[in-house]
Amino acid sequence: MRLNQNFVKNAQHLTAEYCRQNRKLILACDMDETLLTESDDEQHVIIRPKALYMLKNLRVYYELCLITYSTRERARQILNMRLDPNGKLFNGRVLCREDVMAGFTNKQEAFFAHLPQDTRKTRISKVRSGLHGATVRPPAWPYVVILDDFPAAWSNLASCIPIRPFFVGAAAMTAVSGRPIPKLLAGECGYVLSVHRFLCKIHAIVFPKHSIQTMPSHDSGQNVADEQKREKKHTTKTKTTTPPTAYATLLNLRRRINSNQRFRNLCYLDPGHMLNLDTKAVGGAGERRVQSLYAQRIPISSFERKLT
């Protein structure tokens, strides 16, 4: 299996420890029908409305990667001209058809093989992969979130979010400029913003914000000692608690919905409403707790009525 050394070099820091210390997740994006599409005559490349806005704002929370079945020449041309001309979005972390088809079964196997591996288990992992056909999963794989309109390319991994395919027919193209009519793409803007909210909520669940309450300088020494004991007790509890991951968050959401078809329908309609974050004050001012509420404000059935 031949690896893309440029991708390996630019992704060598994407370890589980890096994700935890820098409070970042890894976002693997598909290109065609997810971030952009072509006109029927294949003369125009149309970027999905608000897709660039979403990617630029997600750089604070995610390390972006692009995995596509397009050829290297076509992907490079689209990246340089439209999608990432400055190279600051994906930072060279791009896998094309030539990379995925270089001895790998699908995108999941190719992408995981290009991420930093656990050197202590390399020999065992290779044996398992050779004997049982198991995919070698890098240490950072629980922090990976995937956006793709074809989840089967990722073996229907629980952390793969099925995106509504983006198509623009000939009827939506103007005869003069070759650009799509703005009114026909108005719904795409709201949909991409909903996907953006969904991804931000996943990050907030995996890495919740905790503000430490500080004691005023005029407090007595006994109060300071009590506060230190409480902080020490809180630290001990935090160490024993297993922190959430992106994979666990999406897997719990799928189990809550209890239907792959229903989960896909919700992702196609408005994924931003599937995870509602409720911030409540706990233990005094300055201390916050982020809770994940799965589909409590809007019932799932109300979404499905809109699809019929």
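Residues numbered from 1 in each chain as written. Predicted model: local features only at pLDDT ≥ 70, side-chain atom pairs only at ≥ 80, totals over all residues. Heavy atoms only, no water.

Where an unreviewed UniProt entry is consulted, the protein appears under the name protein-serine/threonine phosphatase, with the organism given as Schistocephalus solidus. What the UniProt record of the protein gives under Subcellular location (unreviewed entry) is the line "Nucleus". (UniProt positions renumbered as here; feature names shortened; annotations may be inferred.)

Draft legend 1. Fine view of the overall build of the protein. Each helix and strand counted, the protein has 12 helices and 9 strands in total. By the burial criterion, 42% of the 308 residues in the protein qualify as buried. Here the analysis covers contacts within the protein between residues at least 6 apart in sequence; of these, 73% occur between residues at least 24 apart. Accessible surface, the protein: about 17200 Å² in total, of which carbon and sulfur atoms supply 51%. (Helix = DSSP H or I, 4+ residues; strand = E, 2+ residues; numbered from the N terminus. Buried < 20%, exposed > 50% of the residue type's maximum accessible area, 1.4 Å probe, protein only. Contact = heavy atoms within 4.5 Å. Areas by Shrake-Rupley, 256 points an atom, 1.4 Å probe, with all protein chains shown as cover.)

Draft legend 2. The arrangement of the pattern of salt bridges in detail. Tallied over the full model, the rule gives 11 salt bridges. The partner of E188 in a salt bridge is R48, with the nearest N and O atoms 2.8 Å apart. Here E188 is found in helix 8 (residues 186-206), whereas its partner R48 is found in the loop between strand 3 (45-47) and helix 3 (51-58), with 140 residues between them in sequence. Between R164 and E188 there is a salt bridge, and its shortest N-O distance comes to 3.7 Å. With R164 in the loop between strand 7 (160-162) and helix 8 and E188 in helix 8, this residue pair connects regions lying 24 residues apart in the sequence. Each of the salt bridges in this network shares a partner with another, and the network as a whole consists of K24, E63 and R93. (Salt bridge = Lys/Arg side-chain N within 4 Å of Asp/Glu carboxyl O.)

Draft legend 3. Region of interest: the confidence of the model for the protein. In the predicted model, the protein carries a mean pLDDT of 79, and the fraction of residues at 70 or more is 68%. This model gives residues 122-132 a pLDDT under 50, and the stretch forms 5 contacts once residues within four places in sequence are excluded. Predicted confidence for residues 236-240 stays below pLDDT 50, and this span has 0 contacts to residues more than four positions away or in other chains. (pLDDT = per-residue confidence, 0-100.)

Draft legend 4. Spatial organisation of the environment of V206. Inspection of the secondary structure puts V206 in helix 8. With 182 residues separating them along the chain, V206 and K24 place their C-alpha atoms 9.2 Å apart.

Draft legend 5. Representation of the environment of G92 within the structure. Relative to the elements of secondary structure, G92 occurs in the loop between helix 4 (72-83) and strand 5 (94-95). Spatially, the C-alpha atoms of G92 and N6 are 6.9 Å apart, while their sequence positions differ by 86 residues. In this view, G92 contacts N6, F7 and N10; residues no more than four positions away in its chain are not counted.

Draft legend 6. Geometry of empty space enclosed by the protein. Summed over the entire model, instances satisfying the criterion amount to 2 cavities of 30 Å³ or more. One number sums up the size of the largest cavity: a volume of about 80 Å³. In terms of lining residues, the largest cavity is bounded by T34, L35, R48, A51, M54, L147, I163, Y191, V192 and V195. Secondary-structure elements contributing two or more residues to the lining of the largest cavity are helix 3 and helix 8. (1 Å grid on protein atoms, 1.4 Å probe; cavity = no way out; pocket = protein on both sides within 12 Å on 5 of 7 lines; lining within 4 Å. Points joined across faces, edges and corners; volume = space filled by probe spheres on them.)

Draft legend 7. Fine view of the pairing of strand 1 (residues 25-29). The buried count for strand 1 comes to 5 of 5 residues, which makes it a mostly enclosed element. Residue alternation in strand 1 divides its side chains into two sets, L25, L27 and C29 and I26 and A28, and both sets are buried. Taken together, the 5 bridges between strand 1 and strand 4 (residues 62-67) define a ladder with parallel strand orientation. Each bridged residue has a counterpart across the sheet, and for C29 the counterpart in strand 4 is L66. Direction of pairing for strand 1 relative to strand 6 (residues 144-148): parallel, over a ladder of 4 bridges. (Pairing = 2+ DSSP bridges.)

Draft legend 8. Structural detail: the packing of helix 8 against helix 10 (residues 246-257). Closest axis-to-axis distance for the helix 8/helix 10 pair is 9 Å, and the angle between their directions is 115°. Taken together, the axis directions place helix 8 and helix 10 in an arrangement best described as roughly perpendicular. Crossing geometry of helix 8 relative to helix 10 is assigned as right-handed. Within the contact between the two elements, helix 8 uses F198, I202, I205 and V206 and helix 10 uses A246, T249, L250 and L253. Residue composition of the contact of helix 8 with helix 10, grouped by class: 7 nonpolar, 1 polar and no charged. (Axes fitted to C-alpha atoms, helices over the stretch in contact; angles between N-to-C directions. Parallel < 35°, antiparallel > 145°, perpendicular 65-115°, else oblique. Left-handed = near helix turned anticlockwise from the far one by under 90°. Nonpolar A, V, L, I, M, F, W, Y, C, P; charged D, E, K, R; others polar.)

Draft legend 9. Structural detail: the nonpolar core. In terms of nonpolar packing, the biggest core is built from 70 residues, with L83, F90, F111, V145, I161, L199 and I202 touching the most fellow members. It is helix 8 that provides the largest number of residues to this core, a total of 8 residues. Once you skip the residues sitting within four places of it in the chain, L199 turns out to touch L27, M54, L58, Y62, V145, L147 and I161. (Core = buried A, V, L, I, M, F, W, Y, C linked by side-chain atoms within 4.5 Å.)

Draft legend 10. A look at the state of the cysteines. In total, this model carries 0 disulfides according to the counting rule given. Lacking any disulfide linkage, C160 is separated from the closest cysteine sulfur, that of C267, by 9.1 Å. Residue classification places C160 among the buried residues on the basis of a relative accessible area of 0%. Among the residues examined, C267 registers a relative accessible area of 1% and is labelled buried. (Disulfide = S-S within 2.5 Å.)

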